[in-house]
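# Structural characterization, general
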Amino acid sequence: MIVARIPATSANLGAGFDCLGLALRLHNDVALIEDGPFRVEISGEGADTLPRDRANLVARTIFRYYEAIGRPTPLFSLRMLNRIPMTGGLGSSSTAIVGGLLVANRLAGEPMTRDDLLRLALEIEGHPDNVAPAMLGGLVLSVVEGGRLTTLQVPLPDTLRAAIFLPGFTISTREARRRLPTRVPLEDAVFNVGRAALFVAAMATGQVDLLRTATQDRLHQPYRQVLFPAMPRLFEAALNAGALGVWLSGAGSALMALARDDAGPVIEAFERAARTHGVAGRARAVDLSPTGAELVDEG
Ligand code: HSE
């Protein structure tokens, strides 16, 4: 058996649409059993909804991996333990892709490097900002140029704590991407370019007070707000309770906030604002993960 443990991720981080992502200390496990007949067992999140046939994303990724290395796919079965909530916005599909690639690569004798795997993950997922931090860990900046991916891990201050709000409804990434305009005003592009750069610089230099400005966004959150109308109210509540910055996590519906030392007041503020504005959901603390996906066990 080959087991991969892959972290949840929060993408965009406000201004860094499709470029910035952060790994969280909340993991899904993917186990590959080197024997048939083909079978998928799922426990935890998504156990009742995720496909258990060859349409399963981990399985599809393994078939895609073997196609990429030009070898027939050996017999295998899968066992998944999912701890990452499926509300959307915490990179659960990236964990399936990254996990599938890691176990398949180990089974094949590791002909691909992590960089090769990441390139293939990007090809499958379509955007890099979840798969890159899931593979590498920490805060990752990803830039794609003609299919080529450049990634940079940015140091994280160790006093940061994080809170996530998990609404009682899901938002599909496809739907959330359909809401985005194909053109944006130059002024809005400039607004985000400066803030995404500020986010990276603030983290790298430990100037976390800059995160409030750095997490503001005009490229995706305003267009997605129609899918989560109370979002600005929850942002406001988190910031008033001392959050350093707050954003729609990936394409939503999860929200994420960073705090200094203690995320407790932000968690309470998220839940209070949600009750006030009639939004079902719950908030919880989550730690940031400096490490990415790893193979944890082989038996
Ligand atoms: N950057 C992507 C988006 C992340 O916002 O659509 C989706 O998880």
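Just so it is clear, the model here is predicted, and its values are computed rather than measured. Along every chain, residues carry numbers that run from 1 in the direction the sequence is written. Whole-chain, interface and lining totals are the exception, using all residues; otherwise, since this is a predicted model, local features are given only for residues with pLDDT of at least 70 and side-chain atom pairs are given and counted only at 80 or more. Values shown for side chains rest on all heavy atoms present in the structure; no hydrogens or waters enter the calculation.

## Here we look at the overall build of the protein chain
We apply this condition: A run of H or I in DSSP counts as a helix once it spans at least four residues, and a run of E counts as a strand once it spans at least two, with each numbered from the N terminus. Note on classification: 1.4 Å probe, protein chains only; a residue is buried when its accessible area is under 20% of the maximum for its type, exposed when over 50%, partly exposed between these limits. Should any heavy atoms of two residues lie within 4.5 Å, those residues are considered in contact. Computed with a 1.4 Å probe, the accessible areas rest on the Shrake-Rupley method; for each residue, only the protein chains presented here act as cover.
Across its full length, the protein chain holds ten helices and eleven strands. For the protein chain, the C-alpha atoms occupy an extent of roughly 55 × 40 × 35 Å along the three principal directions. Counting over 299 residues, the protein chain shows a buried share of 52%. Residue pairs in contact within the protein chain that sit at least 24 positions apart in sequence constitute 75% of those at least 6 positions apart. As presented, the protein chain carries roughly 13100 Å² of accessible surface, and 50% of it is formed by carbon and sulfur atoms.

## Points about the pattern of salt bridges
Cut-off, in case you're wondering: Here, a salt bridge means any side-chain nitrogen of Lys or Arg that lies within 4 Å of a carboxyl oxygen of Asp or Glu.
Scanning all chains against the criterion turns up 15 salt bridges. Between Glu 67 and Arg 64 there is a salt bridge, with its nearest N and O atoms 3.8 Å apart. Note that Glu 67 and Arg 64 are positioned in helix 1 (residues 57-69) at a spacing of three residues, about one turn of the helix. Accessibility expressed as a relative area gives 23% for Arg 64, which makes it partly exposed. Here the salt bridges do not stand alone but share partners, grouping Arg 5, Asp 29 and Arg 83 into one network.

## Brief notes about the layout of surface pockets
How we decide: Here a cavity denotes a set of grid points, spaced 1 Å apart and computed over the protein atoms alone, in which a 1.4 Å probe fits but from which it cannot get out, and a pocket denotes an open set meeting protein on both sides within 12 Å along at least five of seven lines; residues with an atom within 4 Å of a point are reported as lining. Grid points are joined across faces, edges and corners, and a volume is the space filled by probe spheres set on the points. Note on residue categories: nonpolar means Ala, Val, Leu, Ile, Met, Phe, Trp, Tyr, Cys or Pro, charged means Asp, Glu, Lys or Arg, and polar means any other residue, Gly included. The start and end points of each domain follow an automatic or database-based domain assignment.
Of the pockets and cavities examined, the largest pocket occupies roughly 660 Å³. Around the largest pocket, the lining comprises 26 residues; the ones closest to its centre are Ser 93, Ile 171, Ser 172, Thr 173 and Arg 174. Only helix 2 (92-107), helix 4 (128-136) and helix 5 (173-178) provide two or more residues apiece to the lining of the largest pocket. Among the elements that make up the lining of the largest pocket, the one with the highest residue count is helix 5 (three residues). Of the residues contributing to the lining of the largest pocket, the split by class is six nonpolar, 14 polar and six charged. Residue assignment places the lining of the largest pocket across two domains, with domain 1 (2-154) and domain 2 (160-286) each supplying three or more. Surrounding the second largest pocket, 19 residues form its lining, Leu 50, Leu 57, Ser 92, Ser 93 and Ala 96 being those nearest its centre. Of all elements in the fold, only strand 2 (20-33), helix 1, strand 4 (77-82), helix 2 and helix 3 (114-125) reach the threshold of two or more residues within the lining of the second largest pocket.

## Considerations on the domain arrangement of the protein chain
As a measure of interface size, the accessible area lost when the parts come together is often cited. Operational definition: Reported buried area values correspond to the accessible surface (1.4 Å probe) lost by two parts on association, with both partners' losses combined.
Taken domain by domain, the protein chain consists of domain 1 (2-154) and domain 2 (160-286). A C-alpha centroid distance of 24 Å is found between domain 1 and domain 2. Carbon and sulfur atoms supply 67% of the area that domain 1 and domain 2 bury against each other, a total of about 2000 Å² over both sides. For the domain 1 face of the interface with domain 2, the top three residues by lost area are Ala 15, Phe 17 and Thr 87, together amounting to 27%.

## Concerning unusual backbone geometry
For the bond from Gly 36 to Pro 37, the omega torsion is -5 degrees, close enough to zero to count as cis. Residue Ser 253 follows Gly 252 across a cis peptide bond; omega there is 10 degrees. Relative to the helices and strands, Ser 253 resides in the loop between strand 8 (245-248) and strand 9 (255-260). Despite not being glycine, Glu 110 has its phi angle at roughly 55 degrees, a positive value. Within the secondary structure, Glu 110 is located in the loop between helix 2 and helix 3. Of note, the phi angle at Asp 261 is positive, near 65 degrees, even though the residue is not glycine.

## Thoughts on the nonpolar core
Test applied: Here, nonpolar core means buried Ala, Val, Leu, Ile, Met, Phe, Trp, Tyr and Cys residues that are tied together by side-chain atoms lying within 4.5 Å of each other.
Core analysis: the biggest nonpolar cluster contains 38 residues, and Ile 62, Tyr 65, Leu 78 and Val 98 have the highest contact counts within it. At the level of secondary structure, the elements contributing two or more residues to this core comprise strand 1 (2-11), strand 2, strand 3 (40-44), helix 1, strand 4, helix 2, helix 3 and helix 4. Of all the elements, helix 2 adds the most residues to this core, at seven residues.

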